[in-house]
Structures are given as structure tokens and as C-alpha cells.
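Analysis of the macromolecular model
The lines below spell out each chain.
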Amino acid sequence: MKTQSSFPRRLLLPILAISLTAFHGAASAFAHDLVIAVQKNPDNHDPVSENSNPNLRLMYSLYDTLVSVDYRNGGRLVPNLATSWSVIDPRTIEFHLRPGVVFHNGDTFDARDVVATFSPVRIGADKSVPVQSQPFFKGIDRVEVVDEMTIRIHMKSDDAVGIYRFSTYPSQIISATALEQAKTYAEFTEVDAGSGPYSLVSRKLGGDIVIKKFDKYWGSSKAAADKVTFTVVPELATRIAGLLSGQFDIITEVGADELRQIEAKPSCAIVGGPVQSIRGLVYDSIGSPIADPRIRRALNLAINRDALVKSLFAGRTSVPHGWQMQTFGDMYLSDRPTPEYNPKKARELLKDAGYSGQQIVYRTQQGYYTKQGDTAQILQSMWKAVGLNVKLEFKENWAQVRADTPDRAIIDADSGAYYPDPMGQFWRRMGPGEFTDSQFFTVGPSMLTLGNELATSLDTKRRRAIFAKMLENFEEDPHAGILYVTPMFMGMRKDRLSMDPLPYAYLDLTTDGVTFK
Amino acid sequence: MRAGRALLTLFVLLGFAFFTLAASGDPAVILLGPETNTAALEAFRQKWGLGLPLWRQFAVYVDGLVHLNFGLSYRTSGPALDLVLSRVPASLCLVVPTIFFSIAVGVPVGFYAAIHNGRMTDRITTMLAVIGLAVPPFLLGILLIYIFSIWLGWLPPSGYVDWRSYIMPVGSMSAVAAAIYARFTRSAVVEVMANPMIETAKASGLTRELIHRAHALPNALLPLITITALEFGGVLTFAAVTENVFGWHGVGSLLIESVAARDYAVVETILLCAGTTMILANFLADLSYGFVDPRIRDSRRSRLSTVTRLYAEKSPV
């Protein structure tokens, strides 16, 4: 006999059972699998479409470049997809391509792929396709195919860092076939067109990205893991819990406050530290309350950078010697001091400038950069100490931060050294480009002349002198301020692996970067 | 009439969301990042028609909706609806068990408190319900993670690993929902118990159990149906915070991602789905009142019979 009460029981239990089994992503446990919990995964993995840390992190596993920068050996250039290269003249570089390289889609690597990589649509020449590569590749004139395995890249003008342009972001080589087969460029951005040590297994927007060891990889540094899952865990507390409890092997975007908590657990460790980037500020010097260069100099002189590094990062990062990184090699000016901290001089400059407490707006965000909000608050009090009236405004996104209103004065910025050369960092950021386009500052004629010579001269001694002169000029009329070398920390299960991370947003998951225990 | 009101509500909801999102951030700058170049920004705006005035962008969007086109996601260049639907199963996996458990716990607890009205047990359960309502779900979630994942090491804290992955997210969501059920059940039952018919039933010599089962509970059912409808209506957005804490890739976390990315079409599609579910759930709840409550059923019938009679009187025979 049917009873009334059997109705909900009959209905609810199957619903429960169905809903519990409908969604699963069964986690298998192979010996050499890695699970990496990240704050965010990239929306697409086309190098030129997305210039973000999540995309750079993945790029190193999926793609190769023609040459690469060996950060573990003082930043020297080493062969990659090109076995050798020669600078024929200041505008032309010839590359001899590596035979026997296979892409993940089965395509064999040759000159055609290099042509496709630097084709107009991928270097910003097609106005309907938004790409991020234009500032890096706008100097490319054409790619000449000498023979199947030799190409020459011609630049529009003499290029001091020509070869470096093909060593890192966004010069990752793609398979020409993959580009040809895609119906639209948007479709191409979703496929795996690389030849790197790992190939793409699956991706889900906002969810997991799974890559696996590419057995036909040509290089000697093979994939360290059989399978790697990048799983999105937006909450830092949850990422840490997953690391401590053993669900994750690596977690990224660890804050400075959590280092001790992770290190307190014997099975876990912190890896990473300063990367090739400078965390700083950008000043709006056009029609803003800080248009007078003396006020901007005072802003820079009032910052006690050692105190920031000590209090926010427990000394785990450093203060750079001006706008340069030690990996610049011959171009590193080792005699340059770290930015001066001199509150007395700051006060004098403000007095000279006739500054009498006008409000200066500093727009920041809570956590786009590590310790961003805390840094901003400390800066505000350092500035207050010399008599600067800075108003902090916390914003939700970059559009709000950068909105060009009359009160815009100070914003946060991070300046990565894309090439181990001032052209890849200082002049890329402080020369004509993004900030001059959006009316933060203009670059004076004398700086422009110096910048042009820095970009085109091939004489290292001369370039060093020019760079030194530029840094001096910039100090007198600063459009930006230096804070510290950007740190990036990861948590790791040291009972399972050891890591030797690159000082870069790239995550090296080859046998050079990860060893299983 | 009702359908018109529902459509108007949806329209206002969509319009409000669209203009607030657009006023607080430019999708081009947000998606392409702080270091992008002007040419890329222009290309992006061109591609997505962001150069048009806002009201025209909205008009284009509404025109699409009328033709059942929910728009494209800026992030995937694919249909927003596909993206939303791909995340629905994960959310349902949390929401369905949550509603089940919150009823299974909340209703008996509320009922128990009501029949012990004013006594210590009532105060304790009421206090627990207030705490359940007051503690924010993310805090409860993180607390659970610290206890069960870090301390005891029993449960995986993030995403789906095996059946144990459901315990903490469903638990933390159920705590809030059960508290709501408990409080509503309690007040409804207390009200019914004060009704003279209960005195009559007692005087007729019925047992306490029979009075509770046959008189108190059925009469308290109506408000519970209303709440269940509301909970189901919020199905898609309900889990947003919990999904974020537990690294669960459902509609809730998609909503957070899409608002942050100013992916208009996706945000609007989620709101549209949530709004429609809520309206449908309320409609179903209205219908079910008739089955549950004989008085409503009878009044509907009598209205119907009045209409039939009037119609019959006016029509020529």
C-alpha cells in the first residue's frame, strides 16, 4: 500500500544521488602527478592575446622560443628552437632552426612556423584583433625565409636588443598549421599550438587546466611530472589549507603574512622570492597637483624602502639599484646607489616648490599586487611625515584606477624586465608608450634622443653611458618611483618535491625546476 | 498581469545590473590588463561595440534577448548561455543537498522549539538559529576548513575529490538555510498553537502527538513552502561565497569572476536565469498552496464556480 510519506523519500533520494554523481573530476593518484592551486587560470593561452602572470606561468610548459635567457646562469642567451643565430647587421638577425622538433599537434617545426608566429595578425597589424604584442614587435619589418630551416628577421630600424626580442614573452613559437586551421583568431587562442615539454589535455574556463608530459619533446630538460593540474582556488586560506593537508603539491600567490604559517609545518616550504620586476609608482605629471618635478622628487625622497622590505616581507626581497636588474649583465650599472631616502631634503624641496598641503590623490587596490594595500598605507604615512597631504583611494579595478580625471596623481605599477636590458624595462615603461598614451607624462626631447640611441646603438660602452645619463635625468624629473623588487612566493610540499624556481613569472616544471623525492 | 509584472521586474534587474557594471569599469582595460597598449584597447572596443553610447549598447543587448540571443562572453567569444549552463551542474550539486539537509534539520528543530515555547530548550535552539544566521558563510567555511582539513586532516578543503568534498560546503550552506527554516517553522507553529482550534482539539481528548501531526504541522506548512521557493529561486546565486571559499567551479564563482571581468553578457545571463527560476519557483509555490491548504483550494474553486455561473448567466442558452 502506498503511503503519503513515501512520496518525498522516493523523489528526494534519487535527486540527491543524481546530483552527487553528476559532477565529478575524479582525481587519480599517479606517482608523478602534480596538483597546483592557483588564484586564477588564464582565459586563453595564446601568448600574444593575454599578458598576465597566470598565462606566463603556463606558457613555459606549453611553448618554446627561438632562443632563451638562462636566468640560472647570469642571464646569458642559450639556443632553444634556434640552434644558432648571427646578427648580420643592426637590423637583421639570422636564425638556424632546430631540426626534428615536433609540435603537440603533430606538425614538424620549420621556417613556416616562425613566419606564422610573427604574422601581421599576431603582431598587432590587424586592427580588429586585440593583441598585447604590439609594443614588443612593432619594430619587425618582415620575416624572410632563406630556406626551410633558416630565417632572417628584418627590423625597421637598428635594434640594440633585437635578439632578446626572440628570447621571451611574447615570442613563443606557434604551429603554422594550428593558426591556419582555426576559423577565427578567437578560436586559435583556445588551442594548444606549442612544442613545449608539456601538452594541453583539457581546460575549463575559470576551472582546471590539465597538461601532460609531451613524450616527443626535443629538449634535454624533460617534463618533470606525468600530469599537472592547475586548479583554481581563489581563496588564499583554502589554498594554504590544501597545501598543509596534502591536497595540493604547490600553491601560488602566497602572501607575505602566510610565509611563517607554511614554514611551521615540517612537510612544507616556501620557494621563490624577488623576480625580474620592480614594484613602483607612476606619477601623473600633466596638469595634476604634482606637476612640479620638485614635489615628485620629494615623494621619492620620503620613501624608506628598507623599512617597507623589512616590515612587509621580512627582508625576503630587496631594493633595486635604480631602474635595472642584476641580470642585465654588461648593461648593469653596479655602481648606482639604491634610491635615496632623505626626509630632510624632501621637506626642503616641498618648501622650494611652494607646496602648502594641497591634496594629492593616490589610487590603489587592495590586492592586485602582493601587499599592495599595506604598502599604500605605509607610503601615505611616510609622505605625511614630510608634510605631503596624500589621500588614499581604494579602487576595484584598473579602469577605475587609471581613469583620467583632474585629481589623478599617483597610481601603482609593476615594471617587469621582459629582456635583461634597460630596453625591456626602464625604457619600455618610461619611454613613449602606454603611459604617454594615457596622458600620465610626456617624454622630453633630450630623453627621447637618449632613448633612441639606447634603442639602436650596438656599442655597449656607449649604451652604458647613455643609460646612466637617462637615470640621472629621470631622478631630477621623475615620472615614477621605485619601491622594491617584486617578490613572488609559492608554497610547496617538500616531502614530495624540491624546486628551483625561475626569478620570473614563468613556472619551470621541467626537470631543471622540479625534482620528485 | 502577473506575467507582465514578472517581465518588468526582470527588465529592471537587467538594466540596473548593466548600467552599474558599465559605470564602474571598462571591460577592455580590465580584461587586457594594466600594461596593455592603446591599439589593443581600441581593437577590443571595436570588436565588442563598446564605442557605442551605453544606452545603445543596452538596446543592442535587449534586442538580442528578444530573439533569444543571450550575447557572447568577452572572455571566450562564445555564447554566454553555454558558459553559464556548463557551470550549473556543479552548483546544483551543492544546492540540492543543502535544501534537503536544511529542511531535514531546520523543520524538526523549529517544531521542537515551538512546542517547548518559552522553555530553556526553546531559548537554546533559538539562539543557535540566530548564530547560524549571523555567522557569515565564508567565515564558517574557513572555520570548518581549519578544523577538518588542517587540524584533523579528515576532509579535502577544495574542489571535488570524492564524496567527502561535499561535507563542508553543504554543511556551511545548510547551517544558514537550516537556521532560516528553524526560525520560520518555530514562529508558524507557535502561531498555530495559539489558535483556539488547538484548545478545542485538546478538549476533545486528542493526544499531543495527534494534535501536532494533524493540526499544527499542516497549518504551518504554507510559510515553509514560500521559503523553499525563495531558496530554490536563489539556486544560482545562493552558493557564490561558498563556491569561492571551497574552490568549487559553479555558477556562483562564475558570477564573481564575470562581475570582476565586467563580462556583461555572462552576468546578465546569470541574473536572468536566477530571476526566472525565482519567478517560476514562486509560481509553483502558489500552485502548491492549493494542494496543501483546503481553504485556498476551496476559495479558488468557489471563485471559479462564480465565474462559470456568471458566464453561464450571460451566455444565451
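Keep in mind it's a predicted model, so treat the numbers as computed, not measured.

All names here are of chain A. Across the sheet, ten strands lie side by side as 8-9-10-1-11-16-12-15-13-14; this open sheet has mixed pairing. Only two strands of the sheet have a single partner each, and these edge strands are strand 8 (198-203) and strand 14 (390-395). Neighbour-to-neighbour, the strand axes of this sheet turn through a mean angle of 25°, independent of strand direction. Where strand 13 (residues 360-365) lies against strand 14, six bridges are found, and the strand directions are parallel.

A few words now on the sheet that holds strand 7 (residues 150-155) of chain A. All names here are of chain A. A sheet is described by the order of its strands in space; here four strands give the open sequence 4-5-7-6, paired in antiparallel fashion. Since the sheet does not close on itself, it has two edges, and those belong to strand 4 (82-89) and strand 6 (140-147), each with one partner. Here the average twist between neighbouring strands, direction ignored, is 20°.

Another aspect to go through is the side chain of Asp159 of chain A. All names here are of chain A. Along the chain, the position of Asp159 falls in the loop between strand 7 and helix 5 (176-181). Assessed through its relative accessible area of 8%, Asp159 is described here as buried. Setting aside anything within four residues of it in sequence, one finds Asp159 in contact with Pro90, Arg165, Ala455, Thr456 and Leu458.

What follows deals with unusual backbone geometry. Residue and element names in this part refer to chain A. With an omega dihedral of -10°, the bond running from Tyr169 to Pro170 counts as a cis peptide bond. Relative to the helices and strands, Pro170 resides in the loop between strand 7 and helix 5. The backbone phi angle of Glu253 is positive, close to 50°, even though this residue is not glycine. We note that Lys371 has phi near 60°; this positive angle belongs to a residue other than glycine. In this structure, Lys371 sits in the loop between strand 13 and helix 12 (372-385).

Note on placement: His154 of chain A falls in strand 7. According to the relative accessible area criterion, His154 of chain A is buried, its value standing at 13%.

Turning next to the interface of chain A and chain B. Each partner contributes to the interface: chain A provides 52 residues, whereas chain B provides 47 residues. Summing the contributions of chain A and of chain B, the shared interface buries around 4,200 Å²; its carbon and sulfur component is 60%. Applying the counting criterion to the chain A and chain B interface returns two salt bridges. Of the charged contacts in the structure, one is a salt bridge between Asp43 of chain A and Arg75 of chain B, with a shortest N-O distance of 2.8 Å.

The rules behind the values
- Residues numbered from 1 in each chain as written.
- Chains lettered and ligands numbered in written order.
- Predicted model: local features only at pLDDT ≥ 70, side-chain atom pairs only at ≥ 80, totals over all residues.
- Heavy atoms only, no water.
- Pairing = 2+ DSSP bridges.
- Helix = DSSP H or I, 4+ residues; strand = E, 2+ residues; numbered from the N terminus.
- Axes fitted to C-alpha atoms, helices over the stretch in contact; angles between N-to-C directions.
- Buried < 20%, exposed > 50% of the residue type's maximum accessible area, 1.4 Å probe, protein only.
- Contact = heavy atoms within 4.5 Å.
- Buried area = accessible area lost by both parts, 1.4 Å probe.
- Salt bridge = Lys/Arg side-chain N within 4 Å of Asp/Glu carboxyl O.

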